[in-house]
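If you want the building blocks of each chain, they are given just below.
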Amino acid sequence: MLDEHDHRALGQRLDLFHLQEEAPGMVFWHPRGLVLYRLLEEHVRQRMRREGYQEVRTPQLYAQPLWERSGHWDNFRENMFLVEDGARHLGVKPVSCPGHIELVQRMAPSYRDLPLRLGEFGLVHRAEPGGALHGLFRLRQFTQDDGHIFCAEPQVVPEVVRFARSLKDFYAGFGFDDVQVAFSGRPASRAGRDELWDKAESWLLLAAKEAGLQCHMQPGEGAFYGPKLEFVLKDRLGRAWQCGTIQLDLVLPERFDLHYVDASGARVRPVMLHRALLGSLERFIGVMLEHHGGALPPWLAPQQVVVASVGEGAADYAERFAAKLQEAGCRASVDRRGESLSRKVLDAHAAGVPWLVVAGAREVAAGNVRLRQRDGAQRDVPWEDAAAELVASCRPAPNA
RNA sequence: GCCCUGAUAGCUCAGUUGGCAGAGCGCAUCCUUGGUAAGGAUGAGGUCACCAGUUCAAUCCUGGUUCAGGGCUCCA
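Residues numbered from 1 in each chain as written. Chains lettered and ligands numbered in written order. Predicted model: local features only at pLDDT ≥ 70, side-chain atom pairs only at ≥ 80, totals over all residues. Heavy atoms only, no water.

Enquirer: Would you take a moment to explain the pairing of strand 5 (residues 82–85) for this structure?
Expert: The side chains of a regular strand alternate between both faces of the sheet. In terms of strand pairing, strand 5 meets strand 6 (residues 88–92) through four bridges, oriented antiparallel. Of the residues in strand 6, the one forming a bridge with E84 is H89. The turn joining strand 5 and strand 6, which pair antiparallel and follow one another in sequence, is formed by two residues; a positive phi near 65 degrees is taken by G86. (Pairing = 2+ DSSP bridges. Helix = DSSP H or I, 4+ residues; strand = E, 2+ residues; numbered from the N terminus.)

Here is the structure:
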């Protein structure tokens with residue numbers, strides 16, 4: 001029996017998603033859950049655009065030699081899904097980096113194009129060991145808010161600083177106010193010469209210092225291709241969740257013989273930065289659900305307002321109020337069932353709806369509505385003021 | 001991948017010392033038009049995870065598989 005605050009139980013109670021035996025480690029997103037997923041995705045997309053990323057989409061399957069070249073074949077072959085394609089094997093992508101590298105190869109960038117920032121909501125598949133799966137936290141199919149920055153060496157530090165700026169505001173928009181930073185250095189099993197690692201680690205540490213980040217040092221915890229800065233969120237239960245990351249990679253550009261053309265016409269090797277804000281969208285949703293105990297901030301609630309009519313005579317009044325909210329972009333609906341108000345309150349609460357609006361004969365007569373918040377607080381508010389307040393409450397946080 | 005525990009209705013679970021399968025919620029129909037956390041009645045809904053074995057008889061015992069929960073390992 002799952003605890004009622006477990007995101008798997010919340011996902012069911014809020015009718016967001018489910019998992020089932022026929023598709024282990026993969027999510028069935030219900031209509032409400034997909035609303036939440038899309039809100040999160042669109043929020044990140046807007047931020048990426050503001051930060052100068054161009055969104056792309058790359059293939060799901062690649063021939064085995066590409067994974068051999070990237071090093072994923074050596075390091076993660078056991079955790080990759082393979083598909084037969086005639087005489088050869090295709091590997092289902094567990095990461096999007098090689099796809100972005102291929103894309104950049106084809107773009108044949110000049111130094112004028114740098115830093116080249118590519119973003120992708122990358123759907124990835126990993127054949128995680130059976131015992132590792134855990135609800136949305138550890139899936140076999142999930143979506144990364146992935147991005148790669150291809151830049152010249154002098155641009156590395158400024159790009160890392162740029163990434164780190166306003167991150168606190170971004171996470172605060174989801175209700176996470178405690179963000180800690182960790183630096184993960186070269187692991188025992190790695191690709192690339194030690195000189196490359198020396199360079200990569202010193203640049204990343206310098207960037208962290210310039211960005212004013214206080215890093216907790218984690219030697220040996222880096223990726224096989226480079227060191228990482230990790231952004232760790234603390235939730236209400238004090239648990240730590242690594243979500244954001246930026247990783248400095250001098251290895252993959254070399255392995256793929258990636259280059260750009262500099263001002264003198266010479267071919268130069270770019271540096272690659274791997275970065276994500278949420279890591280996995282699915283996992284982030286799980287973390288948010290548990291952090292908020294299912295009571296998501298209004299801007300992320302799949303259903304923001306339920307207008308509960310009391311008595312048949314007030315149903316049209318309730319419909320008009322809901323329509324006004326909907327026109328303003330609010331996710332509002334009317335509960336005009338022939339049920340008691342208690343039942344409507346209970347159902348809206350169980351569904352995680354932040355605002356309940358009561359519209360009955362009294363409200364019709366007074367030209368107002370009665371607002372009920374999640375905590376049960378109630379007050380009468382004139383029609384126009386109530387609409388304005390609800391619309392404002394349902395807008396996303398400005399800085400995020 | 002390893003250790004432990006489990007799998008019974010759409011969901012959460014009870015139960016059968018081996019002999020016709022149970023509840024609550026949800027769902028359907030009808031009644032009820034209701035004022036802030038469960039209105040009432042009736043009804044439908046099951047290959048007791050899957051595959052073998054033991055047995056007159058298996059949802060129940062045994063083995064295997066799959067999946068799940070807890071822990072470990074791993075997490076690009």
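Read on, since the account is not over.
Enquirer: Explanation requested: the sheet that holds strand 7 (residues 116–125) in the structure shown.
Expert: Sheets are built from strands paired through backbone hydrogen bonds, the pairs being either parallel or antiparallel. A sheet is described by the order of its strands in space; here eight strands give the open sequence 3-7-8-15-12-11-9-10, paired in mixed fashion. One side of each edge strand has no neighbouring strand; the edge strands of this open sheet are strand 3 (54–55) and strand 10 (215–218). As judged from the two bridges shared by strand 3 and strand 7, these two strands associate in the parallel manner. In the strand pairing of strand 7, Q54 is matched with L118. Against the sheet, helix 2 (residues 31–50) engages strand 3, strand 7, strand 8 (141–151) and strand 15 (271–280), with an angle of about 160 degrees to strand 7. (Contact = heavy atoms within 4.5 Å. Axes fitted to C-alpha atoms, helices over the stretch in contact; angles between N-to-C directions.)

Enquirer: Is there a simple way to think about the UniProt feature "domain: Aminoacyl-transfer RNA synthetases class-II family profile" (unreviewed entry) in chain A in this case?
Expert: Under the UniProt annotation, "domain: Aminoacyl-transfer RNA synthetases class-II family profile" (unreviewed entry) lies at residues 6–297. Structurally, residues 6–297 comprises 34% helix and 27% strand, and the distance from its first C-alpha atom to its last is 18 Å. (UniProt positions renumbered as here; feature names shortened; annotations may be inferred.)

Enquirer: What is the right way to read the environment of R112 from this model?
Expert: Counting through the fold element by element, R112 comes out in the loop between helix 5 (97–107) and strand 7. With 149 residues separating them in the primary sequence, R112 and V261 have C-alpha atoms 8.8 Å apart.

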